[in-house]
Amino acid sequence: MSHATEGGVFAVVESWHGAVGRTPLEAARRLGLRTAFVTADAGRYTANDADRAAFAGCVDEVIEADTRSGEAVADALAAHQRAGRLRGVFTTNDYSVPTTAEAARLLGLPGLAPEAAHRARHKLRTREACDRAGVPGPAWGWARSEAEALAAGERVGYPCVVKPMTDAGSIGVRLCRSPAQLAEYYRAIASVPTDYRGGPRTPGALVEEYVVGFEVSVETVTSVGERTVLGVTDKALGPHPHFVEIGQSFPSLLPEPVRDRCAAHALAALDALGHDFGAAHVEVKLTADGPRLVEVNARMPGARITRLIQESTGVHLQRELVKLHTGRQPDLAVRHRRGAASRCLTATDGGTVRAVRGEELARRVPGLVALDVYVRPGDAVRRARDNVDVCGSLVAVGDTAGEAVRRADAALGQLSVDVEADVEADVEAHVVADVQAHVEADLRAHVEAAP
Ligand SMILES: Nc1ncnc2c1ncn2[C@@H]1O[C@H](COP(=O)(O)OP(=O)(O)OP(=O)(O)O)[C@@H](O)[C@H]1O
Ligand SMILES: [Mg+2]
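Quick caveat: nothing in here was measured; it's all calculated off a predicted structure.

Draft legend 1. Highlighting the domain arrangement of the protein. In terms of domains, the protein is made up of domain 1 (3-109) and domain 2 (138-209). Computed over C-alpha atoms only, the centres of domain 1 and domain 2 are separated by 33 Å.

Draft legend 2. Representation of the site of ligand 1. Taken together, 23 residues lie near ligand 1, and P138, A168, E208, V211 and F243 sit nearest. Secondary structure elements with two or more residues in the shell around ligand 1: β6 (160-163), β8 (205-209), β12 (278-287) and β13 (290-297). Residue composition of the shell around ligand 1, grouped by class: 10 nonpolar, 3 polar and 10 charged.

Draft legend 3. Region of the structure containing helix α5 (residues 97-107). Burial analysis of α5 places 9 of its 11 residues in the buried class, the great majority of the element. Along α5, the positions that sit buried rather than exposed are V97, P98, T99, T100, A101, E102, A103, A104 and L107. Considering only its buried residues, α5 is in contact with β1 (9-13), α4 (70-82), β4 (86-90) and α6 (114-121). Two residues or fewer past α5, G108 is found with a positive phi of approximately 70 degrees.

Draft legend 4. Local environment of the nonpolar core. In terms of nonpolar packing, the biggest core is built from 118 residues, with A11, L77, V162, V207 and A269 touching the most fellow members. Looking at this core element by element, the count peaks at 7 residues for helix α10 (residues 256-273). Each of domain 1 (3-109) and domain 2 (138-209) gives at least three residues to this core. Excluding its chain neighbours within four sequence positions, the residues that come into contact with V162 are A149, R174, C176, L182, Y185, Y186, I189, A205 and V207. Residues Y95, I171, Y196 and V388 belong to the second largest nonpolar core, which totals 5 residues.

Draft legend 5. Layout of the sheet that holds β8. Spatially, the 4 strands line up as an open sheet ordered β5-β8-β6-β7, and their pairing is antiparallel. Where the open sheet ends on each side, the last strands, each with one partner, are β5 (140-143) and β7 (174-176). Ignoring which end each strand starts from, the neighbouring axes of this sheet average 25 degrees apart. Where β6 lies against β8, 4 bridges are found, and the strand directions are antiparallel. Counted as the bridge partner of V162 is V207 from β8.

Definitions and cut-offs
- Residues numbered from 1 in each chain as written.
- Chains lettered and ligands numbered in written order.
- Predicted model: local features only at pLDDT ≥ 70, side-chain atom pairs only at ≥ 80, totals over all residues.
- Domains from an automatic or database assignment.
- Near = placed C-beta within 6 Å.
- Helix = DSSP H or I, 4+ residues; strand = E, 2+ residues; numbered from the N terminus.
- Nonpolar A, V, L, I, M, F, W, Y, C, P; charged D, E, K, R; others polar.
- Buried ≥ 20, exposed ≤ 12 C-beta atoms within 10 Å, placed from the backbone.
- Contact = placed C-beta atoms within 7 Å.
- Core = buried A, V, L, I, M, F, W, Y, C linked by C-beta atoms within 7 Å.
- Pairing = 2+ DSSP bridges.
- Axes fitted to C-alpha atoms, helices over the stretch in contact; angles between N-to-C directions.

Okay, here's the thing in structure tokens:
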């Protein structure tokens, strides 16, 4: 029996595509665990040779199961459990948070309370729970028809935001400046019955007050009765009407009392949802009237944020989460303090990639520690509308987050996606086609693909 087998089995239920999604598997391996990857479709993770090799390099066993059902996942892992080998079950993937929580509960393993997982996963339930608990967020309405959407728009005022309730990666989230836009985007969401991962959508959409301010996320870890705020991340967003996340930096450059207010708001939201275990990534906007909750993600942060935390503090979040989910004590002690920042590469035109230019130059920028390009010549790209459209990302470090941001921006400034423009692709096509394309394609291996 290999050393890896002796440590027991660590099960991961679905994940993000690409390198970040694999990091908990790699961390589990390094901790002497054998990895079982539970998925409804292994092909999703092995779309090209590089992904196939990387996947095989960190997954010991693939278990196919209906990952929309906690019972099915628990059944799929029952043999390992009966043999006394199963140590933990975990996911990075927002869509699989409730399933994983339910499976952990059924298998008697550490995990998040399933009710909390469901509340966090569903933006309508999050809003309801936070309203009940008095945690301020935007005014909102659940619209099940175009008329209800317009009535909600009247109530919350323009511009407003419309969004599906169970998607991620900013898919389908739009700023609406007029009733006509709201009606169009509402129809686009309502006409697609499934989410990005093919699960049924709650009918209709949320219509929300557009809260104006800067956006942060609060990164936390909760173990038995104890919450640790790892820090607050500053976010940079792309142009309206979309909300593409184009960069992050850690720790936040905001003054400490402002950061503390954001963190306190996030903790109140976690309490409101009954969040009691594991990582959370809570998005908050700081407005002139104080913090407003955007949403709670009951999972480790995505994009490059775990890397930023590691560069900035020395805490390897994935490794510590594997420990937590296998019943061990995580070590979240800060080793050092410096700044880290990421920036995303996006295409300015829709069309076919000819090349990504400027990599050599970007690598000459001091402090650059990672640069990954996700597209290849011949790939179809479009002007980014959501996080799935991101074409690459980089990470830079500095003595402070400010220096890291300057370096990351300097590196990004060297890069461009050279695209053979396709007139059709650049037309602001109907969002229906947009969302459907995602459901159908699920194609590119990305760091922060919609989880
Ligand atoms: N009511 C709002 N007011 C202002 N901005 C909003 C509002 N709702 C959403 N946004 C913006 O849109 C982004 C995406 O929205 P949201 O987080 O609800 O969707 P998501 O698809 O789950 O996102 P992700 O998975 O990328 O975190 C937010 O990070 C924020 O920038
Ligand atoms: Mg979000």
